[in-house]
There are 4 protein chains.
Amino acid sequence: MIVVMRHKATDDEIEAVVLRLEKIGFQIHLSRGVERTIIGAIGDKISLGDVSLEAMPSVERVVPILQPYKLASRTFQEEDTVIRVGGLEIGGDTIHMIAGPCAVESREQLMEAASIARSCGVTMLRGGAFKPRTSPYSFQGLEEEGLRLLAEAREATGLLIVTEVMDAKTLPLVAEYADILQIGARNMQNFFLLREVAKVDKPVVLKRGPSATIEEWLMAAEYIMVGGNYNVILCERGIRSFESYTRNTLDLTAVPVVKHLSHLPVIVDPSHAIGKWRYIPAMSMAAIAAGADGLMIEMHPNPAEALCDGQQSLTPNNFINVMSDLKKIAGVMGRKMP
Amino acid sequence: MIVVMRHKATDDEIEAVVLRLEKIGFQIHLSRGVERTIIGAIGDKISLGDVSLEAMPSVERVVPILQPYKLASRTFQEEDTVIRVGGLEIGGDTIHMIAGPCAVESREQLMEAASIARSCGVTMLRGGAFKPRTSPYSFQGLEEEGLRLLAEAREATGLLIVTEVMDAKTLPLVAEYADILQIGARNMQNFFLLREVAKVDKPVVLKRGPSATIEEWLMAAEYIMVGGNYNVILCERGIRSFESYTRNTLDLTAVPVVKHLSHLPVIVDPSHAIGKWRYIPAMSMAAIAAGADGLMIEMHPNPAEALCDGQQSLTPNNFINVMSDLKKIAGVMGRKMP
Amino acid sequence: MIVVMRHKATDDEIEAVVLRLEKIGFQIHLSRGVERTIIGAIGDKISLGDVSLEAMPSVERVVPILQPYKLASRTFQEEDTVIRVGGLEIGGDTIHMIAGPCAVESREQLMEAASIARSCGVTMLRGGAFKPRTSPYSFQGLEEEGLRLLAEAREATGLLIVTEVMDAKTLPLVAEYADILQIGARNMQNFFLLREVAKVDKPVVLKRGPSATIEEWLMAAEYIMVGGNYNVILCERGIRSFESYTRNTLDLTAVPVVKHLSHLPVIVDPSHAIGKWRYIPAMSMAAIAAGADGLMIEMHPNPAEALCDGQQSLTPNNFINVMSDLKKIAGVMGRKMP
Amino acid sequence: MIVVMRHKATDDEIEAVVLRLEKIGFQIHLSRGVERTIIGAIGDKISLGDVSLEAMPSVERVVPILQPYKLASRTFQEEDTVIRVGGLEIGGDTIHMIAGPCAVESREQLMEAASIARSCGVTMLRGGAFKPRTSPYSFQGLEEEGLRLLAEAREATGLLIVTEVMDAKTLPLVAEYADILQIGARNMQNFFLLREVAKVDKPVVLKRGPSATIEEWLMAAEYIMVGGNYNVILCERGIRSFESYTRNTLDLTAVPVVKHLSHLPVIVDPSHAIGKWRYIPAMSMAAIAAGADGLMIEMHPNPAEALCDGQQSLTPNNFINVMSDLKKIAGVMGRKMP
């Protein structure tokens, strides 16, 4: 950590900061420049969230040097994490697809989606049973009935089930049915929930919050890992920017960045990021070219009848075409697709 | 609602949309322009979240006409909501101040803060017992012990207690001690939690999420109101923008905007928005001048020793000065301060 | 255009808006709903920038229906624009690469960059002679001497020259040397400059401004086209968001969006968007997979000695590897690379 | 400047950076921590824009310590700059108002606006003769005729004239008529134009770009100051964020921040920031309470007939009321209004 003192900091003010840092256990390097004195603090303490140095007199700025996350970092583990679940390896050579409707609406709808997905190489089925909706007047999901239908679809197709858990209270129920738990974007910093899923022995898809920096996203993963669950799959799903033509701005650069900073697998959800089905095929291709380990895509047997987010769902035909194109890109990237 | 059809939409495609809308119960006005056909749908259905019109062929855009929130709107209730709690009226003529440390750290710290606050006209004490922290390695709050200290401070000073509830599980505990519940910015769209606080008979301070539009914020209030709790106090606390000199960008314009769109009281938390104590006095003044009904300000007996956010806490001296200046502005605005 | 009137608009207020619109030449459809009256205005007037309807009493909102750009839209021209310059076709089957250093620094530097670029299939050389720099204390470019060196490099390699023009005053000079003019991101809405390049018979690379919406970007293209120059190449180069790990946020979704809305060619500049060389190869691949017609990439014989933006420049070796990978992706996309 | 080396940087890589920095003239402090080696570089060189350290092997991050602007900083000049022009002092005890229509449209319109402004204590008249418009199909201003009308209004009322200069070519013409030159938000980083206005002996209102950080804004001021013109008035006018209810997000906190970092006067333009007249009065009050030295407000004799931005213009009546309220706030702030 580096502490930059103000232009006219007095010797006493500098001394006070030095003493404070030494007390916490840092070794100090002092460097007096022409215009600023800089205090370097050396030690292995990761978090300084509890030390309010910037409130001390004449402290201009505190610059952290170490990354604030540890378990999620490449420094902690150099090689890629490969998550093994239900016979699949996520984060390895094979690119895996999660597909299905936004929300589970009925047995018929889900079975049809699952069967189409299965037929073109998808390995995991998505579908919300508990739906976080901006409006209290919108469809909120079939809840337990939705979970049961998902389990039925797994039975019928062999697809693994990925579904969202919204709250600690319903976690045991969701965990009973799901193969992989999903933490939604709005819950990325629901720290109670993160601590609870950390105790469950299932992989977690952790969506990036729409206003979360990459660092905050990795810190959220750290919450889950520090609690004992190392099987975290990061999912980029768009961030908020001023551009409103698309629902959010898909930050694809986050894929190679996270791959560089962390050993965790990264997938991309272009459907929620963009919000318009027309652009999902192109951006699915781009995501794989950027190095993603998989995709989560919304597909609905009949998007115009969807109870949720139909405008961003691919029709079965469009989906089949995308899957075929994706296989070619995967080949160029030296990766396999089932 | 207005549906704009694409340039070359066929008669069949237009007819399909019309039929769909009529089936839901809308009355239809069709208007064929030179380049676009526009379908106006008239009816009192507020939410169309469940109708995926944009997935229908040749639909270019759907433009909602009515506000998606109802109970929170001025259309529903013209006059200002005044919330009565513990002898105070929030949202009326009197401007109320919530002050105190970011986190409850110890009896000594809290009592000192409470007594300073009390002495200069503050009516409500803040202090986090459960702290949402970006890092799992940071101080997470004293939990129940913190709540007990808050109750003790109320006993000693008469100040009402405002404290954050982070999760449905701990809600009964927090509600036992708090006079006013606070929903933190990161939980603004934690819909499970919103539904739960809706059932509690205590006012709720609802902080705006850092990436929430004003409309989404009002929709979050709607969740609480539709569940039966009409005592919602909206709190602007900064939004995420590209400017990183301040922690967030305080969107003060949200104050008159919300006052225009809604009847609910609005307060401002400049401390979390800005993150640097130096600018809190000026922006507190500005908030009252913009029409806020109150402020939530962090003040700590010794910010440099704070376990949380010391850099944004005012010292007692600075706080006393701000309070004295605020009273003058309140006078100009035709409002009282205790 | 749709005008939404406020809840309690009077008949006189509605009538006033109707009369105003009829006077301008619109045909009117009035539709009185339960809660709002809506006025549909039909006509072929594109711009309403000069009609301040929202300042009329009880007007709640004005919703434009037609796109505000005309010449740049697919409605005006359905088929893709292919720009022919110096034997190349930009926007056709072939993907073209623009590469070279951020700034022209010396004959040696430029010749080396040009010769490496040439050897691996690049067709256009970039290099700034006039450099827009955030700081007045930074290197501002070699100016005319830089232009002369670019011409020399063209002579030696056959590469076309793409270079930035910053101002109407220096436009004649730059146009004398350049094959393709570049309008930098900060000048995207320098309307004087747009009007001037519209008069020059050279293609223009129009970079998207860091805070420009896609619509504003197309409006800037419209300025050039309406002035007579139809050879506009749009270049996505990142937008400002709260994420600060990368210099800007590369909005790759803009590629398929612009391809859908407009007939103009679109290229991508990952170097300026991201600002860190390490992530340029992955995002170059992604850009081609998203459907871009070409790339503009910074490459420097020795990035660590660069006078400008060395941190985002590829070394010759890294660049050669990227070019080889890009050819494979181009193949999958059904496109050629020279 | 601090250079942070990567985790596994070799001694040779560290040595190379040290040699490079010493060669430029820095004195070096090396500090080897447990996980990172940090190189402190001490010297008075402000700009490192020309040194591409981050392109050197194993350099993780470069952290600048000194502010990149010098003349604009409080370090260079401690006391506030007071700009004297036409008998006024801007940046002193007196708060000055700039008011008038967005664009000069006709003699009648301008004279009426000027006379109302004059009557309630405004000291400067605004009005665009050259208008930067997003659409080439919108009204672009009366150009020289507009300037002549402004001069006439000055003659008639004694108000000083503030008007925008869009381009170096028209600068001599504009400077002939204007008392104060305005650089528009879109031109904040038009460095050619900044260098040209630096040579003119007139004060400059420098609007903040919609995507400019406070630091970039001060760097733009530095361009003007380094060219010899120290009379720069900074004008906050909103930044781009995801919130689209208002045109831009007024970043009022920039006022106390700039006052802390710089000695230059700061004014606020709520009209362009917000884009809706209804919220201008509240935010004008807030701006003065935040410490602004003045305001620039749009007022039009008949906003509904305005050729430009009528929706954000105050009517004469609303304007007169605001002026009266502002005087009360100014009093509380210990400042005068004419």
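Everything quoted here is computed from the prediction, not taken from an experiment.

Caption draft 1: Geometry of the relation of the copies chain A and chain C. Laying chain A over chain C is done by rotating through 180° and shifting 0.0 Å along the axis; what remains is an RMSD of 0.0 Å. Taken together, the rotation and translation relating the two chain copies correspond to the operation of a two-fold axis. Taking C-alpha positions as reference, the residue of chain A nearest the rotation axis is alanine 286 of chain A, located at 2.1 Å. The residues that chain A uses at the interface reappear at the interface of chain C in 100% of cases, marking a shared surface.

Caption draft 2: Quick look at the relation of the copies chain B and chain A. Least-squares fitting of chain B to chain A yields an RMSD of 0.0 Å, with the transformation described by 0.0 Å of translation along the axis and a rotation of 180°. Of the residues that chain B buries at the interface, 100% are likewise interface residues in chain A, meaning the two copies contact each other through the same surface.

Caption draft 3: Quick look at the pattern of salt bridges. Across all of its chains, the model carries 84 salt bridges over all chains by this definition. We note a salt bridge from arginine 84 of chain B to glutamate 89 of chain B, for which the minimum N-O separation is 3.2 Å. Residue class for arginine 84 of chain B comes out exposed when judged on its relative accessible area of 57%. Residue classification places glutamate 89 of chain B among the partly exposed residues on the basis of a relative accessible area of 38%. Note that aspartate 11 of chain C and arginine 32 of chain C form a salt bridge whose closest N and O atoms lie 3.6 Å from each other. On the criterion of sequence distance, the pair formed by aspartate 11 of chain C in helix H1 (residues 11-24) and arginine 32 of chain C in strand E2 (residues 27-32) is long-range, its members being 21 residues apart.

Caption draft 4: Summary view of the interface of chain B and chain A. Contacts between the two partners involve 57 residues from chain B, matched on the other side by 57 residues from chain A. For the pair chain B and chain A, the two sides together bury roughly 4700 Å², of which 51% comes from carbon and sulfur. The interface formed by chain B and chain A holds 4 salt bridges in total. At the surface where chain B touches chain A, the tally comes to 23 residue pairs in polar contact (both at pLDDT 80 or more). Element by element, the count of residues in the side of chain B that touches chain A is highest for helix H6 (residues 214-226) of chain B, at 5 residues. A breakdown of the residues in the side of chain B that touches chain A according to their chemical character gives 25 nonpolar, 15 polar and 17 charged.

Caption draft 5: View of the interface of chain A and chain C. Taken together, the contacts link 35 residues of chain A with 35 residues of chain C. With both sides pooled, the region where chain A packs onto chain C buries about 2800 Å², and carbon together with sulfur makes up 77% of that total. Remark: the boundary between chain A and chain C carries 2 salt bridges. Among the ionic pairs, arginine 208 of chain A bridges to glutamate 243 of chain C, the shortest N-O distance being 2.9 Å. Linking chain A with chain C are 6 residue pairs in polar contact (both at pLDDT 80 or more), by the criterion used here. Secondary-structure elements contributing two or more residues to the side of chain A that touches chain C are helix H7 (254-261), helix H9 (280-289) and helix H10 (316-332) of chain A. Top contributing element to the side of chain A that touches chain C by residue count: H9 of chain A, with 5 residues.

Caption draft 6: Region of the structure containing the domain arrangement of chain A. What the domain assignment reports for chain A is domain 1 (2-63) and domain 2 (83-332). The distance between the C-alpha centroids of domain 1 of chain A and domain 2 of chain A comes to 44 Å.

Caption draft 7: Fine view of the environment of valine 165 of chain D. All names here are of chain D. Position of valine 165 among the secondary structure elements: in the loop between strand E9 (160-164) and helix H4 (171-177). When its relative accessible area of 0% is taken as the criterion, valine 165 is described as buried. Expressed as a C-alpha distance, the spacing of valine 165 and isoleucine 224, which sit 59 residues apart in the sequence, is 14 Å.

Caption draft 8: Summary view of the packing of H9 of chain A against H10 of chain A. All names here are of chain A. In the contact formed by H9 and H10, the axes pass within 10 Å of each other and the chain directions differ by 20°. Between H9 and H10, the angle falls in the class roughly parallel. Where H9 crosses over H10, the handedness of that crossing is right-handed. Taking contact as the criterion, the partners of Pro281, Ser284, Met285, Ile288 and Ala289 in H9 are, on H10, Val322, Asp325, Leu326, Ile329 and Ala330.

Caption draft 9: Geometry of the sheet that holds strand E8 (residues 124-126) of chain B. Residues and elements named next belong to chain B. Here we have 8 strands rolled up into a closed barrel, ordered E7-E8-E9-E10-E11-E12-E13-E14, and parallel in their pairing. Ignoring which end each strand starts from, the neighbouring axes of this sheet average 25° apart. In this fold helix H7 (residues 254-261) packs onto strand E12 (232-236) and strand E13 (266-268), with an angle of close to 170° to the strand it touches most, E13. Here helix H9 (residues 280-289) sits on the sheet in contact with E13 and strand E14 (294-298), set at roughly 165° to E14.

So, how was this worked out
Residues numbered from 1 in each chain as written. Chains lettered and ligands numbered in written order. Predicted model: local features only at pLDDT ≥ 70, side-chain atom pairs only at ≥ 80, totals over all residues. Heavy atoms only, no water. Least-squares fit on C-alpha atoms with pLDDT ≥ 70 in both. Contact = heavy atoms within 4.5 Å. Salt bridge = Lys/Arg side-chain N within 4 Å of Asp/Glu carboxyl O. Buried < 20%, exposed > 50% of the residue type's maximum accessible area, 1.4 Å probe, protein only. Helix = DSSP H or I, 4+ residues; strand = E, 2+ residues; numbered from the N terminus. Buried area = accessible area lost by both parts, 1.4 Å probe. Polar contact = N/O pair within 3.5 Å; in protein donor to acceptor, adjacent residues only side chain to side chain. Nonpolar A, V, L, I, M, F, W, Y, C, P; charged D, E, K, R; others polar. Domains from an automatic or database assignment. Axes fitted to C-alpha atoms, helices over the stretch in contact; angles between N-to-C directions. Parallel < 35°, antiparallel > 145°, perpendicular 65-115°, else oblique. Left-handed = near helix turned anticlockwise from the far one by under 90°. Pairing = 2+ DSSP bridges.

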